[in-house]
Amino acid sequence: MDNKNSPAKIKAIHKYDKKTYDKMGFRVKKGNRQLVETLAKERNLSINGLINKLLADAIGDDFKL
């Protein structure tokens, strides 16, 4: 059976992600996490997807999804 998570595949994914994406982290006050998770779920988005959508709406055409 094919190993879907072989070390070579994981290394290739990490290499692609490093080349393609910038990582950003953020913090929210205690209790706000649930609000963010609920909003994302209501819009059928992941938290990352929600943040990207909100940023794209705020920034406009210069923000690439």
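As the structure is a prediction and not an experimental result, all values here were calculated from the model.

Draft legend 1. Representation of helix α3 (residues 47-59) within the structure. An ideal rise of 1.5 Å per residue puts 18 Å on 13 residues; α3 measures up with 18 Å between its terminal C-alpha atoms. Of the residues trailing α3, G60 is marked for its positive phi of about 100°.

Draft legend 2. Quick peek at the confidence of the model for the protein. On average, the protein scores 93 in pLDDT, and the residues at 70 or more come to 95%. Within the protein, no element has a lower average pLDDT than helix α1 (residues 7-20), which sits at 94, and none a higher one than helix α2 (residues 32-42), at 97.

Draft legend 3. Geometry of the pattern of salt bridges. Enumeration over the complete set of coordinates arrives at 2 salt bridges. E37 is the salt-bridge partner of R33, the closest N and O atoms lying 2.8 Å from each other. Highlighted residues: R33 and E37, both in helix α2, separated by 4 residues, approximately one helical turn. Residue E37 is classed as partly exposed on the basis of its relative accessible area, which comes to 27%. Taking the shortest distance from any N to any O, the salt bridge between K53 and D57 comes out at 3.0 Å. With K53 and D57 both in helix α3, this residue pair falls 4 residues apart, about one helical turn.

Draft legend 4. Representation of a nonpolar patch on the surface. A surface patch of nonpolar side chains, about 260 Å² in accessible area, is lined by F26, V28 and I47. Tracing the backbone shows I47 in helix α3.

Draft legend 5. Expanded view of the layout of surface pockets. Taken as a whole, the largest pocket spans an internal volume of roughly 640 Å³. D22, M24, N48, N52 and F63 are, among the 13 residues lining the largest pocket, the residues nearest its centre. Ranked by residue count, the leading element in the lining of the largest pocket is α3, at 4 residues. A class-by-class count of the residues in the lining of the largest pocket yields 7 nonpolar, 4 polar and 2 charged.

Definitions and cut-offs
Residues numbered from 1 in each chain as written. Predicted model: local features only at pLDDT ≥ 70, side-chain atom pairs only at ≥ 80, totals over all residues. Heavy atoms only, no water. Helix = DSSP H or I, 4+ residues; strand = E, 2+ residues; numbered from the N terminus. Expected span 1.5 Å × (residues − 1). pLDDT = per-residue confidence, 0-100. Salt bridge = Lys/Arg side-chain N within 4 Å of Asp/Glu carboxyl O. Buried < 20%, exposed > 50% of the residue type's maximum accessible area, 1.4 Å probe, protein only. Patch = residues over 30% accessible without salt bridge, like charges linked within 9 Å, V, L, I, M, F, W, Y side chains within 5 Å. Areas by Shrake-Rupley, 256 points an atom, 1.4 Å probe, with all protein chains shown as cover. 1 Å grid on protein atoms, 1.4 Å probe; cavity = no way out; pocket = protein on both sides within 12 Å on 5 of 7 lines; lining within 4 Å. Points joined across faces, edges and corners; volume = space filled by probe spheres on them. Nonpolar A, V, L, I, M, F, W, Y, C, P; charged D, E, K, R; others polar.

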